[in-house]
Amino acid sequence: MINRTEIEQARDCIAAGGVVAIPTDTLYGLAADATNPDALEKVYEIKGRPSGMALPVLVSGWEQVGMVSTVAGRCGELARVLAERFWPGPLTLVLPASPELPPRLTAGLDTIAVRMPDHAIPLALAARLGRPITGTSANRSGEPDLTDPEELNRCLGGLVDGIIVSGEPPQGTASTIVAVSDDDLTLLRAGALPFPEVRRAAGLA
């Protein structure tokens, strides 16, 4: 059960350029407007994230993928098949990035990492904001992932504009990251979803 007032306050904060720490189905994450360069800069500063590392985004559904990606041809077909099979869930798809995205989001790369999480809070935030939010983990770069709400508040309470700890707690295992090309998949990070299962769903096993 999510607190609607809490969600609306977090949505307003994100819409105004703020950064809110939130739970997802995998880990706690940092939610900011994925289209706001100033908000993205805040995320980098909070994490101490190297400038050459792009930020992943969370969407409320397949319709928001088109806001950040230029999926087309066979790549688009593969991506949609995987999204229909595994979303919402712990599968991040790396797709061709829209040239209209802020360079700070993609770190100058031509791809974007996209996921629809299986958690009510990020889904509600992305839906009510009307566009994707960032989904990078809420830990300082190089430090362990944060899965305990008290530790989250201790580490980031003075750095973020808000924290949500209500709702289902994260499961504690990062998502599986897969790059989608026209006719193949490449595992970029092993995670909660076994890669062989992803390949079978794409008809590539």
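Fair warning: this is a prediction, and the values are worked out from it, not measured in the lab.

Caption draft 1: Main features of the sheet that holds strand E4 (residues 91-96). The 6 strands are arranged E6-E3-E5-E4-E9-E10 in an open sheet whose pairing can be described as mixed. At either end of the open sheet lies a strand with only one pairing partner, and these are strand E6 (133-134) and strand E10 (185-189). With 2 bridges connecting them, strand E3 (residues 57-58) and strand E5 (residues 111-115) associate as parallel partners. Residue pairing across strands places Val57 opposite Val114, the latter belonging to E5. The strands touched by helix H3 (residues 73-86) within the sheet are E4, strand E9 (176-180) and E10, with E4 carrying the most contacts at an inclination of about 165°.

Caption draft 2: Up close: helix H2 (residues 37-47). Within H2 the residues assigned to the buried category are Ala39, Leu40, Val43, Tyr44, Ile46 and Lys47. The arc enclosing the buried residues of H2, seen along the axis, measures out at 165°, which places them on a common side. Across H2 from its buried face, at more than 90 degrees, point the exposed residues Asp38 and Glu45. Contacts made by the buried residues of H2 are with strand E2 (28-31), helix H4 (103-106), E6, strand E7 (136-137) and helix H6 (149-156). The N-cap residue of H2 is Asn36: its side-chain oxygen and the backbone nitrogen of Asp38 are 2.9 Å apart. Once H2 ends, the next one or two residues include Gly48, with phi positive near 65°.

Caption draft 3: Molecular detail of the pairing of E5. Along E5, 4 of the 5 residues are buried, which leaves the element largely enclosed by surrounding structure. Here 4 bridges tie E4 to E5, and the two strands are oriented antiparallel to one another. Along E5, the bridge assignment pairs Leu95 with Ile112.

Rules and cut-offs
Residues numbered from 1 in each chain as written. Predicted model: local features only at pLDDT ≥ 70, side-chain atom pairs only at ≥ 80, totals over all residues. Heavy atoms only, no water. Pairing = 2+ DSSP bridges. Helix = DSSP H or I, 4+ residues; strand = E, 2+ residues; numbered from the N terminus. Contact = heavy atoms within 4.5 Å. Axes fitted to C-alpha atoms, helices over the stretch in contact; angles between N-to-C directions. Buried < 20%, exposed > 50% of the residue type's maximum accessible area, 1.4 Å probe, protein only. Arc of directions from axis to C-beta. Polar contact = N/O pair within 3.5 Å; in protein donor to acceptor, adjacent residues only side chain to side chain.

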